[in-house]
Amino acid sequence: QVQLVESGGGLVQPGGSLRLSCAASGSIFRIYTMGWYRQVPGKQRELVATIGSGGDTAYADSMKGRFTISRDNAKNTVYLQMNSLKFEDTAVYYCNADVQVFWYSNYNLYWGQGTQVTVSS
């Protein structure tokens, strides 16, 4: 069993910053890609950013220059530093991870439960 637990969400004013964390735990042999997604009610979940095990990153265009994804492989944790937050960044933010449970198993995708980020004055 693999669990991903997000933390760091909350209420922030426009222009402010937040740092989200997502820690993976359980039976883990290796984690490949980790990522952050977000969702607002009535809309599809959208990509925020991803990071590979070697540190290669990818961002949605609207987040480039404002958000930074990073990871600590020793802690099985991925972070999302969000700066210059806007009203439209308000959403539930989810992390995911491609996890190999045993050395002989395939990678499976796991999701966290989500953390609310609200940007409001």
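Our structure is the block above this text.
Fair warning: this is a prediction, and the values are worked out from it, not measured in the lab. One numbering rule holds for all chains: residues counted from 1, following each sequence as written. Whole-chain, interface and lining totals are the exception, using all residues; otherwise, since this is a predicted model, local features are given only for residues with pLDDT of at least 70 and side-chain atom pairs are given and counted only at 80 or more. Only hydrogens and water are removed before side-chain values are computed, so all heavy atoms of the structure are retained for them.

Attention now goes to the pattern of salt bridges. The rule for a salt bridge is simple: a side-chain nitrogen of Lys or Arg has to be within 4 Å of a carboxyl oxygen of Asp or Glu. Evaluation of the coordinates by the stated rule reveals four salt bridges. D89 is the partner of R66 in a salt bridge, and the nearest nitrogen-oxygen pair spans 2.7 Å. Here D89 lies in the loop between β8 (77-82) and β9 (91-100) and R66 lies in the loop between β6 (57-59) and β7 (67-72), a separation of 23 residues in the sequence. Judged on exposure class, the residue R66 and its partner D89 are both buried. Among the charged side chains, a salt-bridge network with shared partners connects R38, E46, R66 and D89. Each helix is a run of H or I in the DSSP string that is no shorter than four residues. Each strand is a run of E no shorter than two, and both are numbered from the N terminus. Classification of residues uses two cut-offs on accessible area relative to the type maximum, computed with a 1.4 Å probe and protein chains only: under 20% is buried, over 50% is exposed, and between them is partly exposed.

It is worth spelling out a nonpolar patch on the surface at this point. Nonpolar side chains (Val, Leu, Ile, Met, Phe, Trp, Tyr) within 5 Å and like charges within 9 Å form the patches, drawn only from residues with over 30% relative accessible area and no salt bridge. Throughout, the Shrake-Rupley method with a 1.4 Å probe supplies accessible areas, and for residues the shown protein chains are the sole cover considered. A cluster of nonpolar side chains, namely F29, F102, W103 and Y104, defines an oily patch on the protein surface of about 530 Å² accessible area. Looking at the element boundaries, F29 is found in the loop between β3 (18-26) and β4 (30-39). In this structure F29 comes out as partly exposed when scored by relative accessible area, which is 44%.

When DSSP finds two or more bridges between a pair of strands, those strands are recorded as paired. Pairing within the open sheet is antiparallel, and its four strands lie in the order β1-β3-β8-β7. If you trace the sheet from one side to the other, it starts and ends with β1 (2-7) and β7, each paired once. With direction set aside, neighbouring strand axes in the sheet form an average angle of 15°. One ladder, built from six bridges, connects β3 with β8; its direction is antiparallel. Looking at the pairing, L18 lines up with M82 of β8. Axis geometry follows a simple rule: fit a line to the C-alpha atoms, using only the stretch in contact for helices, then measure angles between N-to-C directions, giving values from 0 to 180 degrees.

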